[in-house]
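# Inside the fold
Spelled out, the chains give:
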Amino acid sequence: MTASEEAATASTRAAADPPMRRGAFWTIWSGQALSLAGSQASQFALVWWLTLQTGSPAVLSTATLFALLPTIVLGPAIGALVDRWSRRATMLAADGAVALGSLALAGLFLAGGASTTAVLGFLLWRAIGGAFHAPAMLSATSLMVSRQDLGRIQGVNQMLQGGLGILTAPAGAALLGLVGMTGVMAVDVATALLAMAPLLFIRVPEPERRGEPEAGKSPGLLADLGSGLRYLRGLPGHIGLIGGAAVINLFCVPAFALLPLLMLQEMKGDVAMQAWATSAFGAGAIGGGLALSAWGGSGRRARAALGSILGLGLATLSLGATPAWLWPLAILALFAVGVFSALANGCIATIMQATIAPEYQGRVFTLMMSAAAAMTPAGLLLAAPVADLAGVRAWYAAGGVVCAAMGAAAFLVRPIVQIEASCPAAAAPGRQGPPHAS
């Protein structure tokens, strides 16, 4: 059976099973959102603690590397395990492991025994937990709600990311001043427990795993990885989107790592301008997520994703080209970057959820995350010498041109443009959604 036929069969099976009640899904989602807020606030506090304790660029770079390493190195294997295991159990285990790590670190801070090594070790531990949790939640969502709601949920997810980008840094700073590092980590534990509580009582649907071998004859992890790759090879449009996500990370993530230099050196600004720039991006992400949530994007998400990548490139190019005396236009460009980033990310994630057979989603999502994450350090290594030799604006110009050209050229690639129409999973009868909540 081909990948497209498998996706169609998966969609037909899903049609026979009604999705969860919306209230149950949003109860789980709310707990996960609170946990994410606690994690990001504590992450800010921990990085600030490392900065005060060491003042070392090497230590801060190591903290950043540890946040990416599990997804880059372990991602494909984690995806195969997520597809084998219960999504609900995986999320519970990931949240529980991170909560235990936070509790242990809180104890070290309370006893005065916290060290740079312990904090870095915890950051790596948390990243491993996140590498399991993210694909489990993404792949479970497509089984928890009706297909027509996936785009709206991704819009809400993008709004959440934008809001957290604005709020968690000041929240982390406020908590650090009020309760110290011990209290910050205690809050992290509490929010993790709030995420776990709904999962203890609400059943999360699992995909039907076709062709399961007899007990004791389960295929090895490498066999699972191989079957996932064979499945993906039959979906050239999806491979194109994964490659596009990697290219965006290669060029755009370093551009925003260089944002403080752009604001201070090229725009002749100060920390207030940097704060405005960061807030503008977060506000744009909220706006893009709100637009996607209201629209849903059914049937035209591929074109919306490509148009958003094109818009992202043009906004990045405009940001780098804005002269210092027109700095408000740079803030406006950053708002546009946030809007287009949210739309592109949300549309791509929704396409994957709607068209990939549920039993393969863990592997496909982790492969996409691994490819994108691997490009981040590569881009940072490239950006530093380019910025030193040609100036910071040169990298914005390069990233903007590449993203815009890639988005425009992809409109000529039929497997990408027709990714939903040509995939039988998109054409098969969708699940009927539950009645709208009053």
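Up top is the structure these notes are about.
Throughout what follows, the structure given in this document is the object of discussion.

Cut-offs used in this document
Just so you know, the residues in each chain are numbered from 1, in the order the chain's sequence is written. Where totals are concerned, whole chains, interfaces and linings use all residues; where local detail is concerned, this predicted model gives features only for residues with pLDDT of at least 70, and gives and counts side-chain atom pairs only at 80 or more. Side-chain figures throughout are based on the complete set of non-hydrogen atoms in the structure, without hydrogens or water. Think of it this way: any DSSP run of H or I at least four residues long counts as a helix, any run of E at least two long counts as a strand, and we number them from the N terminus. Type-normalised accessible area, obtained with a 1.4 Å probe on protein chains alone, sets the label of each residue: buried when under 20%, exposed when over 50%, and partly exposed for intermediate values. Should any heavy atoms of two residues lie within 4.5 Å, those residues are counted as being in contact. A 1.4 Å probe and the Shrake-Rupley method give the accessible areas. Residues count as covered only by the protein chains that appear here. In summary, the pairing rule links any two rings of Phe, Tyr or Trp, Trp by its six-membered ring, whose centres are within 6.5 Å, and it sorts them by plane angle into stacked for under 30 degrees, edge-to-face for over 60 and tilted for everything else. Any carboxyl oxygen of Asp or Glu that lies within 4 Å of a side-chain nitrogen of Lys or Arg is treated as forming a salt bridge with it. Angles here are taken between N-to-C directions and fall from 0 to 180 degrees, while the axes themselves are lines fitted to C-alpha atoms, restricted in helices to the stretch in contact. Between 65 and 115 degrees an angle is taken as roughly perpendicular, under 35 as roughly parallel, over 145 as roughly antiparallel, and anywhere else as oblique. Should the near helix be turned anticlockwise from the far one by less than a right angle, the crossing is termed left-handed; should it be turned clockwise, right-handed. We define the nonpolar core as a collection of buried residues of types Ala, Val, Leu, Ile, Met, Phe, Trp, Tyr and Cys that are connected through side-chain atoms lying within 4.5 Å of one another. Contacts described as polar in this section are N or O atom pairs within 3.5 Å, which, within protein, must combine one atom able to donate a hydrogen with one able to accept it, while residues neighboring in sequence count only if both atoms come from side chains.

## Structural notes on the overall build of the protein
A tally of regular secondary structure across the protein gives 17 helices and zero strands. The 438 residues of the protein split such that 50% are buried. A sequence separation of at least 24 residues applies to 88% of the contacts in the protein between residues at least 6 apart. Accessible surface, the protein: about 18800 Å² in total, of which carbon and sulfur atoms supply 70%.

## So, the packing of aromatic side chains
Counted according to the given criterion, the structure contains six aromatic pairs. Ring plane angle 0° and centroid distance 4.2 Å describe the contact between Tyr231 and Tyr360, whose orientation is recorded as stacked. Within this pair, whereas Tyr231 is found in helix α7 (residues 221-233), its partner Tyr360 is found in the loop between α12 (327-355) and α13 (361-390), the two being separated by 129 residues in sequence. Across the pair, exposure class does not vary: Tyr231 and Tyr360 are buried alike. Between Phe251 and Trp395, the ring centres sit 5.7 Å apart and the planes meet at 20°, which makes this aromatic pair stacked.

## Considering the pattern of salt bridges
Under the definition given, this model contains six salt bridges. Residue Arg126 is joined to Asp188 by a salt bridge in which the shortest nitrogen-to-oxygen separation is 2.2 Å. Taken together, the positions of Arg126 in helix α5 (residues 116-144) and Asp188 in helix α6 (residues 150-201) put the pair 62 residues apart, joining distant regions of the chain. By the burial criterion, Arg126 is buried, and Asp188 matches it. With a closest N to O distance of 3.3 Å, Arg393 and Glu266 form a salt bridge. Of this pair, Arg393 sits in helix α14 (residues 392-410) while Glu266 sits in helix α9 (residues 259-266), and the two are 127 residues apart along the sequence. Arg393 gets classed as partly exposed once you look at its relative accessible area, which sits at 23%. One connected set of salt bridges, linked through shared partners, spans Asp83, Arg87 and Arg363.

## A closer look at unusual backbone geometry
With phi around 60°, Lys268 is a residue other than glycine that occupies positive phi space. Within the fold, Lys268 resides in the loop between α9 and α10 (271-295). Its relative accessible area of 64% is what places Lys268 among the exposed residues.

## What about the packing of helix α4 (residues 87-111) against α6?
Two numbers describe how α4 lies on α6: the axes approach to 8 Å, and their chain directions differ by 160°. Between α4 and α6, the crossing angle belongs to the class labelled roughly antiparallel. The handedness of the crossing between α4 and α6 is left-handed. From α4, Arg88, Met91, Leu92, Asp95, Gly96, Ala99, Ser102, Leu103, Leu105, Ala106, Phe109 and Leu110 reach across to α6, where they touch Met181, Thr182, Met185, Ala186, Asp188, Val189, Ala192, Ala195, Met196, Leu199, Leu200 and Phe201.

## Structural notes on the nonpolar core
Counting residues in each nonpolar core, the largest one holds 28 residues, and the members touching the most others are Phe25, Ile28 and Met144. Counting residues per element, the ones that place at least two in this core are α2 (22-54), α3 (57-84), α4, α5 and α6. Sort the elements by how many residues they give to this core and α6 lands first, with seven residues.

## Notes on the side chain of Thr168
Its place among the elements puts Thr168 in helix α6. Accessibility expressed as a relative area gives 9% for Thr168, which makes it buried. Of note is the side chain of Thr168, whose polar atom sits 2.6 Å from the backbone oxygen of Leu164. Aside from chain neighbours lying at most four places away, what touches Thr168 is Ala37, Gln40 and Ala41.

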